[in-house]
Amino acid sequence: MEGSGDEMTPGDFEHKNSQRWLEYERLVAGLESGKPNEHADQLPRRFRELCIDLSLVESRMYGDRLHERLNGLVIRGYNVIYRGKRGGFEHAVSFVTWRFPCAVRREWRLFLLCSLVFWLPFFAMILSAKHDMSWIQSVLGPAGMASMEQMYGGKEQQIAHLRSEYGSNFMMFCFYIYNNVGIDFRIFAGGMAAGVGTLFFLLFNGVYMGAAAGYVNQVGNPESFWTFVIGHSSFELLGMIVAGMAGMRVGLAILNPGRLPRVRALVEATKRSLPLIYGAAVMTAMAAVVEGFWSAQEIPSNIKYGVGATGWVLVSAYLLLVGRNRGYEVG
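Nothing here was measured: the structure is a model prediction, and the numbers come from that model. (Residues numbered from 1 in each chain as written. Predicted model: local features only at pLDDT ≥ 70, side-chain atom pairs only at ≥ 80, totals over all residues. Heavy atoms only, no water.)

Participant: Can you help me understand the packing of helix H11 (residues 222–255) against helix H12 (residues 262–295) in this one?
Facilitator: The description of two helices packed together rests on the angle between their axes and the distance between the axes. At a minimum axis distance of 8 Å, the contact between H11 and H12 shows a crossing angle of 170°. Classified by the interaxial angle, the pair formed by H11 and H12 is roughly antiparallel. (Axes fitted to C-alpha atoms, helices over the stretch in contact; angles between N-to-C directions. Helix = DSSP H or I, 4+ residues; strand = E, 2+ residues; numbered from the N terminus. Parallel < 35°, antiparallel > 145°, perpendicular 65-115°, else oblique.)

Participant: Looking at this structure, I do not really get the packing of aromatic side chains. What am I missing?
Facilitator: Any pair of aromatic rings gets described here by the distance separating the centres and the angle formed by the planes. If you walk through the whole model with that rule in mind, you get 16 aromatic pairs. Note on Phe13 and Trp21: the rings are 5.8 Å apart at their centroids and 55° apart in plane angle, and the pair reads as tilted. Classification of Trp21 as buried rests on a relative accessible area of 0%. Ring centres of Phe118 and Phe122 lie 5.8 Å apart, and the angle between their planes is 20°; on these two criteria the pair is classed as stacked. Taken as a pair, Phe118 and Phe122 lie in helix H6 (residues 108–128) at a separation of four residues, close to a single helical turn. Like Phe122, Phe118 is buried. Within the aromatic cluster, the residues linked to one another by ring pairs are Phe118, Trp119, Phe122, Phe123 and Trp312. (Phe/Tyr/Trp six-rings, centres within 6.5 Å; stacked < 30°, edge-to-face > 60°. Buried < 20%, exposed > 50% of the residue type's maximum accessible area, 1.4 Å probe, protein only.)

Participant: How should I be thinking about the pattern of salt bridges in this particular structure?
Facilitator: Pairing of side chains with opposite charge becomes possible as their charged atoms draw close. Tallied over the full model, the rule gives eleven salt bridges. Close ionic contact of Glu14 with Arg65 constitutes a salt bridge, the shortest N to O distance being 2.6 Å. In this pair, Glu14 sits in helix H1 (residues 10–32) while Arg65 sits in helix H3 (residues 64–81), placing the two residues 51 residues apart along the sequence. We classify Glu14 as buried; its relative accessible area is 17%. Across the pair Arg46 and Glu23 runs a salt bridge, and its minimum N-O distance is 3.3 Å. Taken together, the residues span a long stretch of sequence, with Arg46 in helix H2 (residues 43–60) and Glu23 in helix H1 at a distance of 23 residues. Residue Glu23 is classed as partly exposed on the basis of its relative accessible area, which comes to 35%. (Salt bridge = Lys/Arg side-chain N within 4 Å of Asp/Glu carboxyl O.)

Participant: Explain unusual backbone geometry here, please?
Facilitator: Most peptide bonds are trans, and most residues other than glycine sit at a negative phi. Despite not being glycine, Met61 has its phi angle at roughly 55°, a positive value. Looking at the element boundaries, Met61 is found in the loop between H2 and H3. Not every positive phi belongs to a glycine, and Ala194 is a case in point at roughly 55°. When you line up the elements, Ala194 lands in the loop between helix H9 (169–189) and helix H10 (196–219). Ala194 sits in the partly exposed class, given a relative accessible area of 23%.

The values are spatial; any link to function lies outside them.
Quick look at the structure:
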């Protein structure tokens, strides 16, 4: 795009712009391979510049060789830019097969932080139920304890309660989608409070869920509880943690924007957290499907435990291993 005189020769024009064309070609080649590129947002601007260069080559009749080279680069850039508009299915597949698990591994420190904030109070509340129920009672309250007893007093009682409460598996699925998405959204949105809100909601859910599990273990029917939750727990709880990672990424940008203006840092952090919140939404939806159509069914306990354990192994292996030959890794 540099050079504006009609006296400029094709060689002068190519010499002045060759470095920029080479950078553009490298950027396009990287994006064509499907690998993430931190300079991907520059492609539209560079594409426009190259289109101007091509029009100058045509209007000044700089020759077929230069015209063919730039025309080829323009076509390649066009295909990369508009690939998403005609390749939605391809992008969905790439998101599942490597973009999402790679994004989780890239933020492994946040995964560790959010896991500790959730799991430590969860298990602490379960253990406290064996020694002192006062903590459990203060967290659940009379209404919460009555609900736990009604829901998990026994298998027959549990199924009767669910049927009377929701009427059908589909309505249970709708309720769980509404409830779980609401939890994940609050966890993510809490990041706007410099991450404090995200940590609070993770801690609160760890305390409350641990209190519920501890109460049922001591007062109700533990088998009815664990056979109900085991099937969908891997998707729901890990999805909650991933939503927390997305919220913390936004919160850290507010706390420490680095050399960027705080607004720009927030925008960049939000873009970086999008794969995480999308992935959390998918996991939450899967949890609701299992919870609505499997968890409350009259199925032998050993089968439910087996399916639940398999779910934990598969989801963990997916996040740890899938896509390791692609994209960004732990760093």
